[in-house]
Amino acid sequence: YNGVPDRCGEAWLLSGVAGSETHVTNGFLAGNTINELVTVYMADLVGEEVFNRYGDEFPVLIKIIDANQWLSVQVHPDDALAMERHGMSGKTEMWYIIDAEPDAALISGLATGIDRNGFLLATETGNINKVLHYEKAEPGDIFYTPAGQVHAIGPGILLAEIQQTSDITYRIYDWDRKDKQGNSRELHLNEALDAIDYTPVDKVRTEYKPGKNKTVPLVNSEYFNTSFIWLTHGLKKDYGMLDAFVILLAVEGEGWIESTGERYPLKKGEAILLPATIAETSIFAIGTLKLLEVTI
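Residues numbered from 1 in each chain as written. Predicted model: local features only at pLDDT ≥ 70, side-chain atom pairs only at ≥ 80, totals over all residues. Heavy atoms only, no water.

Details of the overall build of the protein chain
Looking only at helices and strands, one finds 6 helices and 17 strands in the protein chain. Since a compact globule built from 296 residues should have a radius of gyration of about 19 Å, the 20 Å found for the protein chain is in line with a globular shape. Each principal axis of the C-alpha atoms in the protein chain carries an extent, and together these give about 65 × 40 × 40 Å. Residues counted as buried form 48% of the 296 residues belonging to the protein chain. Approximately 14,900 Å² of the protein chain is accessible, and the part contributed by carbon and sulfur atoms is 48%. (Helix = DSSP H or I, 4+ residues; strand = E, 2+ residues; numbered from the N terminus. Rg over C-alpha atoms; globule rule 2.2 N^0.38 Å. Buried < 20%, exposed > 50% of the residue type's maximum accessible area, 1.4 Å probe, protein only. Areas by Shrake-Rupley, 256 points an atom, 1.4 Å probe, with all protein chains shown as cover.)

Here it is, written out as structure tokens:
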């Protein structure tokens, strides 16, 4: 937040990114990083197949982003390109719109008919904002953004972001902003040209029908599975056959989790990580509680 306490635009709630790892906040493990826990507890924490695939790095990154101006237009490389260039995973992500001002918008993909040559011409002539696909954003909307898809978040949007554990970003356009010294932010156009997927995207919003007191699937990908839970009372969950961790991220309201004989409060903007060894868990709402349930 650039040292200004009242201007925090992005919070990493659960992160295994080297140098920006989440610390446990409660219990006898308080102060340990998430990757330290993976190293010690291995499959008991994340699940056997997950540990075999990702090793000591926690594989999912959970963020809350609060935009009060257009964020930079960017793209992320896929696994193959990211491994070739940076020796790490690519970045596929999804957004859940927690709140949005009237007429708030975001960018998801390129305008219809734009190929590599058309995109390059737009960057050279200063018309890049004219070749982007704009979409209105409303509370409850889901936008799935695979690696290679150009995107940006607009002003007046509060969202939860679920993504691969990666911090590789190619910045394409920054709305001609300059800092106090008159300098523009670094752009990565050359890197982005090979990372962009120019295939037209017919549908950028994920459709779903939310129902009270049940689990509704949202996104099922090789990197994460996300479901929506809207509670007005209690719901019992059995994760015994999952063999993977579960993250419960509150996006509205408050309540609590009961598991292994303990009660854990949970409110909007907070996340709880359930180890793979936990089977039965009960979730309770105080009034209304809306959650994203994330696993692999």
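Let's talk about the sheet that holds strand β9 (residues 157–164)
Strand order in the open sheet formed by 5 strands is β1-β2-β9-β4-β7, with antiparallel pairing between adjacent strands. With partners counted over all chains shown, the strands left at the sheet margins are β1 (10–14) and β7 (142–145), one partner each. In this sheet, adjacent strand axes meet at a mean angle of 20° when their direction is disregarded. In this structure, strand β4 (residues 93–100) lies alongside β7, joined through 4 bridges in antiparallel fashion. When the bridges of β7 are listed, Glu-93 appears paired with Thr-145. (Pairing = 2+ DSSP bridges. Axes fitted to C-alpha atoms, helices over the stretch in contact; angles between N-to-C directions.)

A few points about the side chain of Ser-227
Mapped onto the secondary structure, Ser-227 falls in strand β12 (residues 225–231). Apart from the residues within four sequence positions on either side, Ser-227 is in contact with Thr-215, Val-216, Pro-217, Leu-218, Leu-291, Leu-292 and Glu-293. (Contact = heavy atoms within 4.5 Å.)

Quick notes on the packing of aromatic side chains
Any two aromatic rings considered together are summarised by their centre-to-centre distance and by the angle between their planes. Per the counting criterion, the structure on display carries 9 aromatic pairs. Relative to Phe-245, the ring of Phe-58 has its centre 4.7 Å away and its plane inclined at 45°; by these criteria the two rings are tilted. One end of the pair, Phe-58, is in the loop between α3 (48–54) and β2 (60–67); the other, Phe-245, is in the loop between β13 (234–238) and β14 (246–259), and 187 residues separate them in sequence. Judged by relative accessible area, Phe-245 falls into the buried class, the value being 0%. When the ring centre of Trp-256 is taken as reference, the NZ or CZ atom of Arg-263 above it lies at 4.2 Å. Its end group placed over the ring of Trp-230, Lys-290 keeps NZ or CZ at 4.4 Å from the ring centre. (Phe/Tyr/Trp six-rings, centres within 6.5 Å; stacked < 30°, edge-to-face > 60°. Lys NZ or Arg CZ within 6 Å of the ring centre and 35° of its normal.)

Some words on the side chain of Ser-108
Position of Ser-108 among the secondary structure elements: in strand β5 (residues 105–110). Among the residues examined, Ser-108 registers a relative accessible area of 2% and is labelled buried. A distance of 2.9 Å separates the side chain of Ser-108 from the side chain of Gln-149, its partner in a polar contact. Beyond its immediate sequence surroundings of up to four residues, Ser-108 is in contact with His-133, Gln-149, Val-150 and Val-204. (Polar contact = N/O pair within 3.5 Å; in protein donor to acceptor, adjacent residues only side chain to side chain.)

Structural notes on the environment of Leu-14
Secondary-structure assignment places Leu-14 in strand β1. Under the relative-accessibility criterion, Leu-14 is labelled buried at 8%. For Leu-14 and Glu-270, which are 256 residues apart along the polypeptide, the C-alpha to C-alpha distance reads 9.7 Å. Not counting the four nearest positions on each side in its chain, Leu-14 is found in contact with Thr-22, Phe-58, Val-60, Leu-61, Ile-62 and Ile-247.

Some points on the environment of Ile-114
Structurally, Ile-114 can be placed in the loop between β5 and α5 (116–125). Linking Ile-114 and Thr-215, residues 101 residues apart in sequence, is a C-alpha distance of 38 Å. Every residue in contact with Ile-114, bar those within four places of it in the chain, is listed here: Phe-119, Val-131 and Tyr-198.

With respect to the environment of His-133
On the secondary structure map, His-133 appears in strand β6 (residues 132–136). Using a relative accessible area of 29% as the deciding quantity, one classes His-133 as partly exposed. Residues contacting His-133, with those up to four places away along its chain left out, are Leu-106, Ile-107, Ser-108, Gly-109, Leu-110, Ala-111 and Val-204. Of note is the side chain of His-133, whose polar atom sits 2.7 Å from the side chain of Glu-135.

Regarding the pattern of salt bridges
As enumerated under the stated definition, the model contains 15 salt bridges in all. In this structure, the salt-bridge partner of Glu-293 is Lys-237, at a minimum N-O distance of 3.2 Å. Here Glu-293, found in strand β17 (residues 280–295), pairs with Lys-237, found in strand β13; they are 56 residues apart in sequence, far enough to count as distant. (Salt bridge = Lys/Arg side-chain N within 4 Å of Asp/Glu carboxyl O.)

Digging into unusual backbone geometry
Backbone geometry at Met-42 places phi at a positive 45°, although glycine is not the residue there. Structurally, Met-42 is set in the loop between α1 (34–41) and α2 (43–46). Of note in this structure, Asp-103 is not a glycine but carries a positive phi near 70°. By relative accessible area, Asp-103 is classed as exposed at 65%.

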